[in-house]
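# What the coordinates show
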Amino acid sequence: MIKSFQTRVLPLKDIIFRLAFRITQNQADAEDVVQETMMRVWNRRNEWEQIESMEAFCLTICRNLALDKLRRMDNKAQSLDSSMDPTDYSHSANPEQQAVVHDRIQLVRQIINQLPEKQRSCMQLRDMEGKSYRDIATILGITEQQVKVNIFRARQSVKESYLKIDKIKK
């Protein structure tokens, strides 16, 4: 059973963290959610044989725990931690260009953080994790059509907000 946990569940730790972080918008809270998710998955190890997709199972638990944590915190989500910026700007030789790229990425992240939770989760799972619409629907407990609508609305909202803010800055 331990070997199965190591091969089927532990490799999902990073994707679980990214989803938890996208929802809670706080590194410490996301780490707590990951730990709680792992414990819940382990406690349900007797059900593993019936689980079709361990990844969808884990992400569903993670999402529910992260949403519960948000509700307990009265929806006071914090902005993304700037230390979580994995982007490599070394391709740009000009420091000014690097700063512009960094600012744009931060702006897009702030806009994404302001999206409704379901749109944020759909966008995270599709655009950042590369999940299929079917997988996202399973994880979030909604239809594939709802997933597509949420992703479309999220992208439109991000685009409109970005263009509005960018226009004001110029």
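Residues numbered from 1 in each chain as written. Predicted model: local features only at pLDDT ≥ 70, side-chain atom pairs only at ≥ 80, totals over all residues. Heavy atoms only, no water.

### What to know about the overall build of the protein chain
Quick reminder of the rule: Secondary structure elements are taken from DSSP: a helix is a run of H or I of four residues or more, a strand is a run of E of two residues or more, and numbering for both begins at the N terminus. Each residue is assigned to one of three classes by its accessible area relative to the maximum for its type, calculated with a 1.4 Å probe on protein chains only: buried under 20%, partly exposed between the two thresholds, exposed over 50%. When checking whether two residues touch, look at their non-hydrogen atoms; a contact exists if any pair is within 4.5 Å. We get accessible surface area from the Shrake-Rupley algorithm with a probe of 1.4 Å; when it comes to residues, only the shown protein chains can shield them.
Looking only at helices and strands, one finds 8 helices and 0 strands in the protein chain. Starting at the N terminus and walking to the C terminus, you meet the elements of the protein chain as α-α-α-α-α-α-α-α. Looking at the protein chain as a whole, 40% of its 170 residues are labelled buried. For the protein chain, the share of sequence-separated contacts (at least 6 apart) that also reach a separation of at least 24 residues comes to 67%. Carbon and sulfur atoms make up 48% of the accessible area of the protein chain, which totals about 10,400 Å².

### A closer look at the packing of aromatic side chains
Rule in force here: For Phe, Tyr and Trp, where Trp contributes only its six-membered ring, two rings pair if their centres lie within 6.5 Å, and the inter-plane angle classes them as stacked under 30 degrees, edge-to-face over 60, or tilted in between. Two conditions define a charge sitting above a ring: the NZ of Lys or the CZ of Arg must be within 6 Å of the ring centre, and it must be within 35 degrees of the ring normal.
Scanning the entire structure with this criterion turns up 4 aromatic pairs. Taking 5.4 Å as the distance between ring centres and 85° as the angle between the ring planes, the aromatic pair formed by Phe5 and Trp42 counts as edge-to-face. Taken together, the positions of Phe5 in helix H1 (residues 2-8) and Trp42 in helix H3 (residues 27-43) put the pair 37 residues apart, joining distant regions of the chain. Phe5 sits in the buried class, given a relative accessible area of 13%. Given a relative accessible area of 28%, Trp42 falls into the partly exposed group. One aromatic cluster in this structure is built from Phe5, Trp42 and Trp48. Over the aromatic face of Tyr133 sits the side chain of Arg126, whose NZ or CZ is 4.1 Å from the ring centroid.

### Concerning the confidence of the model for the protein chain
Inclusion rule: A residue's pLDDT is simply how confident the predictor is in it, with values from 0 to 100.
Considering every residue of the protein chain, the mean pLDDT works out to 83; 88% of them sit at 70 or more. Residue range residues 75-87 is modelled with pLDDT below 50. Its contacts to residues more than four positions away, or to other chains, number 27 contacts.

### Things to note about the pattern of salt bridges
Worth spelling out the cut-off: The rule for a salt bridge is simple: a side-chain nitrogen of Lys or Arg has to be within 4 Å of a carboxyl oxygen of Asp or Glu.
Scanning the entire structure with this criterion turns up 8 salt bridges. We note a salt bridge from Asp32 to Lys69, for which the minimum N-O separation is 4.0 Å. Within this pair, whereas Asp32 is found in helix H3, its partner Lys69 is found in helix H4 (residues 54-72), the two being separated by 37 residues in sequence. Of the charged contacts, one joins Lys131 and Glu55 as a salt bridge, the two residues approaching to 2.0 Å between their closest N and O atoms. Highlighted residues: Lys131 in the loop between helix H6 (117-128) and helix H7 (133-140) and Glu55 in helix H4, separated in sequence by 76 residues.

### Here we look at unusual backbone geometry
Backbone phi values are negative for most residues with the exception of glycine, while trans is the configuration of most peptide bonds. Positive phi outside glycine occurs at Gln25, with the angle close to 60°. Topologically, Gln25 is positioned in the loop between helix H2 (13-24) and H3.

### Re H2
For an α-helix, the turn length of 3.6 residues means that residues three or four places apart are oriented alike. Just so we agree on the cut-off: The span you would expect from a helix comes to 1.5 Å times its residue count less one.
Here H2 is 12 residues long and its end C-alpha atoms lie 16 Å apart, about the 16 Å a rise of 1.5 Å per residue gives. Counting buried positions along H2 yields 9 of 12 residues, so the element is predominantly enclosed. Among the residues of H2, those classed as buried are Ile15, Ile16, Phe17, Leu19, Ala20, Phe21, Arg22, Ile23 and Thr24. Against the buried residues of H2 lie H3, H4, helix H5 (95-113) and H6. Where H2 ends, the next residue or the one after it, Gln25, has phi of about 60°, a positive value.

### Describing H5
When the terminal C-alpha atoms of H5 are compared, their 27 Å separation across 19 residues agrees well with the 27 Å that a helix rising 1.5 Å per residue should span. Within H5, burial applies to Gln106, Leu107, Arg109, Ile111, Ile112 and Asn113. Those residues of H5 hidden inside the fold are in contact with H2, H6 and helix H8 (144-169).

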